[in-house]
Amino acid sequence: MAWLCAGCAPADPGSGGEEGGGAGAGGGATIEAVHFQFTEVVPGVYHAQGASDLVVGSNAGVVVNEDDVLLVDSHISPAAASALIEDLRSITDRPVRYAANTHWHFDHAHGNQVYPPDVEIISHEATRAAIAEGRSNSGRSYELFVGAIPGRIERMEATLDTLTDAEARAELEATLEAQRTYYAQLQEVVPTAPNTTLSERLTLYRGEREIQFHFFGRGHTDGDVIVYLPNDRVVITGDMLVGGLPYMGDGYVNEWAETLDRVKALDFDWIIPGHGAPYQERDRIDHLQAYLRDLWDQSVALHGQGVSAEDAAARIDLTAHAENFGGIPSPGANPVAVLRIFELLDGTAN
């Protein structure tokens, strides 16, 4: 469980897991709504983070234009997406006209179905294809995060029957109810592909604001889109960058660091990541690139020696990066990340 992302936990994590962690804050006011907390990073651009027991799975970027709103990432379920749209009333009365999926993972794209046909849902071509083909609600990554939920609920129910301490029982009951609600909400998902795509770049001009959508190369997935606001000096990255270490189970670890070089070439002050708080420290990108390259190089060496992915994950030593990623106390790498690298090396990756 230590390597799992936010998909199975309420709200968006502030720490822990592979995609949690990282200090940071927006530059402006914070507004608490029913389910979301909106932090104004720069005027008109917000970081939306879950602030209740509603599971949202990821961050959302909110760009309030002169006449309309762009939402970046639609969350994990129709319930989460609808809650975000409702809570937007706490910061603006302008309608949502544009939405974007930074990539195809379920926690960023399974709210698409709530948008009416006149809303443009923008993504890379590969993201649209993945959702249309059913990859957002099937396969290893989906099963890793969602498939374990029924078993988790059963274990919590069994534990609840044994608890006599009232405080511990109340805490577990609340967690159990949140998981039951979350799992019920997942049954309502109808994966809905974006209706507007780009191959490399797309630009919107909304009043005085320029909004650029860039595909700089593969990284977290095969279709990561970066939303760049040049005049606001903000980049919204999805899971190409997160508060800590990103999930790599569908990644292209050998290409990711080079893709980030292209992100770094943009002129920006603020990063709104797919998980975790906004931040300004550009050297955090350097730290992730170093980690990715080290992980790749060690994996390649062990693969070449005929070591299995499982054994390689136990032997890889990334403790040199401990200071930058919240502590790595001993050798060992995410087994799913190493398995993915071995698949890339073997030519069997999706």
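Given the structure is predicted, the values throughout are model-derived calculations rather than measurements.

What counts, and where the lines are drawn
- Residues numbered from 1 in each chain as written.
- Predicted model: local features only at pLDDT ≥ 70, side-chain atom pairs only at ≥ 80, totals over all residues.
- Heavy atoms only, no water.
- pLDDT = per-residue confidence, 0-100.
- Contact = heavy atoms within 4.5 Å.
- Helix = DSSP H or I, 4+ residues; strand = E, 2+ residues; numbered from the N terminus.
- Buried < 20%, exposed > 50% of the residue type's maximum accessible area, 1.4 Å probe, protein only.
- Expected span 1.5 Å × (residues − 1).
- Arc of directions from axis to C-beta.
- Phe/Tyr/Trp six-rings, centres within 6.5 Å; stacked < 30°, edge-to-face > 60°.
- Polar contact = N/O pair within 3.5 Å; in protein donor to acceptor, adjacent residues only side chain to side chain.

Glancing now at the confidence of the model for the protein. In the predicted model, the protein carries a mean pLDDT of 91, and the fraction of residues at 70 or more is 92%. Confidence drops under a pLDDT of 50 for residues 1-17, and excluding neighbours within four residues, the segment shows 60 contacts in the predicted structure.

Okay, unusual backbone geometry next. One non-glycine residue, H75, lies in positive phi territory at about 80°. Counting through the fold element by element, H75 comes out in the loop between β5 (69-72) and α1 (78-87). On the basis of relative accessible area, H75 is assigned to the buried category, the value being 0%. Even without a glycine there, the phi angle at R233 is positive, about 60°. You can see R233 is positioned in the loop between β11 (226-229) and β12 (234-238). Residue R233 is classed as partly exposed on the basis of its relative accessible area, which comes to 27%.

Attention now goes to helix α7 (residues 253-264). Over its 12 residues, α7 extends 17 Å from the first C-alpha to the last, a length consistent with the 16 Å expected when each residue adds 1.5 Å. Residues V253, W256, A257, T259, L260 and V263 constitute the buried set of α7. Seen end-on, α7 carries its buried residues on one side only, within an arc spanning 165°. In the core, the buried residues of α7 are packed alongside β11, α8 (283-304) and α10 (335-346).

The subject of this paragraph is helix α4 (residues 139-147). Of the positions making up α4, those classed as buried are S141, Y142, F145 and V146. All buried residues of α4 lie within an arc of 100° about the axis, which places them on one face of the element. Looking at the buried positions of α4, the neighbouring elements they touch are α2 (106-109), α5 (149-160) and α6 (166-186).

Take the packing of aromatic side chains next. In the structure shown here, the tally under the stated rule is five aromatic pairs. Measuring from ring centre to ring centre gives 5.0 Å for F145 and Y247, while their planes differ by 65°; the resulting arrangement is edge-to-face. Separated by 102 residues along the polypeptide, F145 in helix α4 and Y247 in the loop between β12 and α7 bring together distant segments of the chain. Look at Y247 and you get buried, because its relative accessible area is 2%. Both rings, one in Y291 and one in F325, keep their centres 5.5 Å apart while their planes meet at 65°; by these two values the pair is edge-to-face. Taken together, the residues span a long stretch of sequence, with Y291 in helix α8 and F325 in the loop between α9 (309-315) and α10 at a distance of 34 residues. Members of the aromatic cluster, joined through ring pairs, are F106, Y142, F145 and Y247.

Considering the arrangement of structural elements, one finds T102 in the loop between β6 (96-100) and α2. Assessed through its relative accessible area of 1%, T102 is described here as buried. Between the C-alpha atoms of T102 and E323, which are 221 residues apart in sequence, the distance is 29 Å. For T102, the residues in contact, after removing those within four places along its chain, are V72, D73, H108, G223, D224, V225 and G238. Within polar-contact distance, the side chain of T102 engages the side chain of H103 at 3.0 Å.

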